[in-house]
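# Structure assessment
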Amino acid sequence: MSIPIPSPSAPSGPIAIIGAGLAGLACAQLLARAGHSVHVFDKSRGASGRMSTRRGTDAGAHWQCDHGAPSFQAHDADFRAQVRSWQEAGATAPWPGRIGLHDGERLRLQDNAPQRFVGTPRMTSPAAHMVRGMQDMPDPVRFQWQTTVEPLQTAAGEGAGWTLHSPEHGAAPQRYRTVLLAVPAPQAGALLEAVAPEAARLARSARMRPCWSVMVRCAGPVPMAVDGCVVEHSPLRWIARDSSKPGRSGPETWLLQASHSWSEAHLEDDAQTVTAALLQAFAQLGGPSPASVQATSHRWRYADATQPLHVDCWWSPAAGLGLCGDWLHNGTVEGAWLSGRSLARAVHAAGQRHAA
Ligand SMILES: Cc1cc2nc3c(=O)[nH]c(=O)nc-3n(C[C@H](O)[C@H](O)[C@H](O)COP(=O)(O)OP(=O)(O)OC[C@H]3O[C@@H](n4cnc5c(N)ncnc54)[C@H](O)[C@@H]3O)c2cc1C
């Protein structure tokens, strides 16, 4: 895959990236390929953020379900090239699922549904592939998991820069001249409030909405004529036969996603109540009887950037502070990747100007 920035001599000091979703990974990858030393921090046990997969067992039988982004599209030429390279590595495949629209009364198949891709064998696979690639570089990107950066502070003394703290590990030993946040807008806003009010205001201007998801394991095939379906006039907005995606094994599994407005209205409800309500809504669409399935719910407090900023990224060379993520672009997996790359280019260009 082409790298659209030349490889310079690496500037002094590592760059810290907070967040190892697709935006943070794309940013880290491009900066590392350009010769920068990069340290990535994430509060989770691994990479991928909202492109996520839950795995479990029911009475000893293994199941899995992509409970964040169920699929993604690729329009931009550079992102298509990235998707092709994931495909060559076996980490991604097109999902030839039958896609429909249920208007509350009847179900219609969509003839010209756009091409959708999924991670294989699970949605976290593209991110895992990227992490492996970055660990194999001559100057490997350093990943630190289970590290919730909080607070972010300006360092005292000469050269200033930033210090990172986390409840898990205390203060990071290293001081960073450049810190890049690749986290959802509300989390960026909270981290920046005290140290970078202008950037915090920008983050606060993006709207992100919640989504309750339910992962359903069925006793047998559900006789619906679709594998994925947009739903209207229901608590649900999207249902998908997760086990129809390429590379999956195990029981028939469905993902149910509640609409934004339903999720907001029921944000603080307990998981059991939510699961029962969404299984009932699924049954009304032709899904199995709630009593016949196993189900697990997950609440995404910040699922979708419904009012993204369409600015690609934000970067202050003076502060050594940058922001990337789906909410700065167009609110999609593709947008997150493009935003991360855009920030990497801006940071790299600033380093070159500084060196000149
Ligand atoms: C239910 C749902 C459905 C979706 N459907 C689609 C879809 O159909 N198509 C599509 O293209 N997109 C979809 N999306 C959106 C898609 O998942 C996101 O656009 C994309 O994954 C965002 O990537 P990101 O890197 O910007 O953010 P994230 O993936 O959220 O990554 C942020 C990372 O930062 C970490 N983090 C946060 N705060 C801190 C902290 N203080 N310290 C350390 N680490 C921190 C998190 O653990 C996370 O790993 C969906 C998302 C959800 C939740």
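Located above this text is the structure these notes cover.
Keep in mind the model is a prediction, meaning the values are calculated, not measured. (Residues numbered from 1 in each chain as written. Predicted model: local features only at pLDDT ≥ 70, side-chain atom pairs only at ≥ 80, totals over all residues. Heavy atoms only, no water.)

All right, on to the site of the ligand then. Around the ligand, the structure places 37 residues, and the nearest of them are D42, R50, V149, D326 and V333. R50 places a polar side-chain atom, nitrogen or oxygen, 2.7 Å from an oxygen atom of the ligand. Residue D326 places a side-chain N or O atom 2.8 Å away from an oxygen atom belonging to the ligand. Coverage of the ligand by the protein chains reaches 92% of its 1,000 Å² of free accessible surface. Element by element, the count of residues in the shell around the ligand is highest for strand β18 (residues 294-307), at three residues. Of the residues belonging to the shell around the ligand, the class tally is 17 nonpolar, 14 polar and six charged. Taken domain by domain, the shell around the ligand gets at least three of its residues from each of domain 1 (1-51 + 124-206 + 308-356) and domain 2 (53-120 + 208-305). (Near = heavy atom within 4 Å. Polar contact = N/O pair within 3.5 Å; in protein donor to acceptor, adjacent residues only side chain to side chain. Areas by Shrake-Rupley, 256 points an atom, 1.4 Å probe, with all protein chains shown as cover. Helix = DSSP H or I, 4+ residues; strand = E, 2+ residues; numbered from the N terminus. Nonpolar A, V, L, I, M, F, W, Y, C, P; charged D, E, K, R; others polar. Domains from an automatic or database assignment.)

Another aspect to go through is the packing of aromatic side chains. Within the structure shown, the criterion is met by eight aromatic pairs. A ring pair is formed by F72 and F117, whose centres lie 6.0 Å apart and whose planes are at 25 degrees; its orientation type is stacked. Of this pair, F72 sits in the loop between β4 (61-66) and α2 (77-88) while F117 sits in strand β8 (residues 117-119), placing them 45 residues apart in sequence. The residues F72 and F117 share a single accessibility class, namely buried. (Phe/Tyr/Trp six-rings, centres within 6.5 Å; stacked < 30°, edge-to-face > 60°. Buried < 20%, exposed > 50% of the residue type's maximum accessible area, 1.4 Å probe, protein only.)

With an omega of 5 degrees, the peptide bond running from T120 to P121 counts as cis. Residue E150 is joined to P151 through a cis peptide bond whose omega torsion reads 0 degrees. Tracing the sequence through the fold places P151 in the loop between β9 (142-144) and β10 (152-154). Despite not being glycine, H233 shows a phi value in the positive range, around 55 degrees. Turning to its location among the elements, H233 is positioned in the loop between β15 (228-231) and β16 (236-241).

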